[in-house]
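Each chain, written out:
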Amino acid sequence: MNDALAQVARLVADETGIVIRDAQLPALAAAVARLGPGLDAERFLLEVNEGASSGLVARLVDEVTVQETYFFREPRELRGVEWERLAEGARRSGSAKVRIWVSACSTGEEAYTVAILAGEALGSGAPPVDVLGTDVSLRALEAAREARYSSRSLRAVPTELRRRYFVHEHGGYAVRDGLRSLVRFQVHNLARDPAPPPGESPFDVIA
């Protein structure tokens, strides 16, 4: 079983660039088991090799990559961004917006945080920013696009900003449409795909 788990760990590393240490193998085994009744590392590898279960690797990636995050987590660097200077530079280069790429955005909190900070600096009505959030996890991106979060996710958001950018509903918070319109999400694998994502113009900020 340990040999099979080690193979699964190598597969995850090949797919995502995430290195799973020996001490983390029990957590990996638990992640594999969550994919289906009676599924273990050996059966997982067999099904993947035989192509018997479409999307099994993607589902495992979802299990091992989704981490807890929250709004305004470690914002020191982001608060230091000179948004007005960037906006002026974008205008001089013929761009209508400051372009920001948030790689490995998980469930979207950091991408929306960047948009909030830009809005506060450039005008919360319709700030000239375009935020792209990317992640390898389809499940994380689905949650990011849904843009509904628990009170825990907003625990570091100042009260005034919480009122301005979120709607309190159903025991949680939904991102207001104005903020959502500044942020878009797409799949991107930092370990395999070109960086920045193909088809994208140069970015002013990469977070």
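Residues numbered from 1 in each chain as written. Predicted model: local features only at pLDDT ≥ 70, side-chain atom pairs only at ≥ 80, totals over all residues. Heavy atoms only, no water.

**Topic: the overall build of the chain**
Part 1 of the argument: Along the chain, the regular secondary structure elements total ten helices and seven strands.
Part 2 of the argument: Taken over the C-alpha atoms alone, the chain extends approximately 55 × 40 × 30 Å along its principal axes.
Part 3 of the argument: In the chain, buried positions account for 44% of the 207 residues.
Part 4 of the argument: Of the contacts formed within the chain by residues at least 6 apart in sequence, a portion of 73% connects residues at least 24 apart.
Part 5 of the argument: Summing over all exposed atoms, the chain offers an accessible surface of approximately 11,100 Å²; the carbon and sulfur share of this is 48%.
Part 6 of the argument: Side-chain charges of the chain comprise 25 positive and 29 negative groups, with the mean position of each set lying 6 Å from the other. (Helix = DSSP H or I, 4+ residues; strand = E, 2+ residues; numbered from the N terminus. Buried < 20%, exposed > 50% of the residue type's maximum accessible area, 1.4 Å probe, protein only. Contact = heavy atoms within 4.5 Å. Areas by Shrake-Rupley, 256 points an atom, 1.4 Å probe, with all protein chains shown as cover. Lys, Arg positive; Asp, Glu negative; His and termini not counted. Charge placed at Lys NZ, Arg CZ, Asp CG, Glu CD.)

**Things to note about the environment of Val 81**
Part 1 of the argument: Relative to the elements of secondary structure, Val 81 occurs in the loop between helix H5 (76-79) and helix H6 (83-92).
Part 2 of the argument: Counting along the chain gives 33 residues from Val 81 to Val 114, while the straight-line C-alpha distance between them is 9.8 Å.
Part 3 of the argument: Here Val 81 is in contact with Leu 86 and Val 205, once residues within four sequence places are set aside.

**So, the packing of aromatic side chains**
Part 1 of the argument: For the structure shown, the criterion picks out five aromatic pairs.
Part 2 of the argument: Geometrically, the ring pair formed by Phe 71 and Phe 166 is edge-to-face, given 5.1 Å between the ring centres and 85 degrees between the ring planes. With Phe 71 in the loop between helix H4 (56-65) and H5 and Phe 166 in strand E4 (residues 166-169), the pair connects residues that are 95 residues apart, well separated along the chain. Here Phe 71 matches Phe 166 in class, with each residue buried.
Part 3 of the argument: With a centroid separation of 6.3 Å and an interplanar angle of 75 degrees, the aromatic rings of Tyr 112 and Tyr 149 are classed as edge-to-face. Remark: Tyr 149 occurs in strand E3 (residues 148-149) and Tyr 112 occurs in helix H7 (residues 109-122); sequence separation between them is 37 residues.
Part 4 of the argument: An aromatic cluster is built from Phe 71, Tyr 112, Tyr 149, Phe 166 and Phe 185, whose rings are joined through pairwise contacts.
Part 5 of the argument: One residue, Arg 162, lies across the ring of Tyr 173, its end atom 5.3 Å from the ring centre. (Phe/Tyr/Trp six-rings, centres within 6.5 Å; stacked < 30°, edge-to-face > 60°. Lys NZ or Arg CZ within 6 Å of the ring centre and 35° of its normal.)

**Quick look at the packing of H6 against H7**
Part 1 of the argument: The geometry of H6 relative to H7 is characterised by a closest axis approach of 9 Å and an angle of 85 degrees between their N-to-C directions. Accordingly, the angle class assigned to the pair H6 and H7 is roughly perpendicular. Between H6, through Trp 83, Glu 84 and Ala 87, and H7, the contact on the second element is made entirely by Val 114, Leu 117, Ala 118, Ala 121 and Leu 122.
Part 2 of the argument: For the contact of H6 with H7, the per-class residue count stands at seven nonpolar, no polar and one charged. (Axes fitted to C-alpha atoms, helices over the stretch in contact; angles between N-to-C directions. Parallel < 35°, antiparallel > 145°, perpendicular 65-115°, else oblique. Nonpolar A, V, L, I, M, F, W, Y, C, P; charged D, E, K, R; others polar.)

**A short note on helix H8 (residues 138-146)**
Part 1 of the argument: Taken as a whole, H8 has its buried residues at Ala 140, Leu 141 and Ala 144. Down the axis of H8, the sector holding all buried residues measures 95 degrees, keeping them to one side.
Part 2 of the argument: Buried residues belonging to H8 abut H7, strand E2 (129-135), E3 and strand E6 (183-187).
Part 3 of the argument: Ala 147 lies just past H8 and shows a positive phi near 60 degrees. (Arc of directions from axis to C-beta.)

**Considering the side chain of Ser 106**
Part 1 of the argument: Note that Ser 106 resides in the loop between strand E1 (98-102) and H7.
Part 2 of the argument: Look at Ser 106 and you get buried, because its relative accessible area is 11%.

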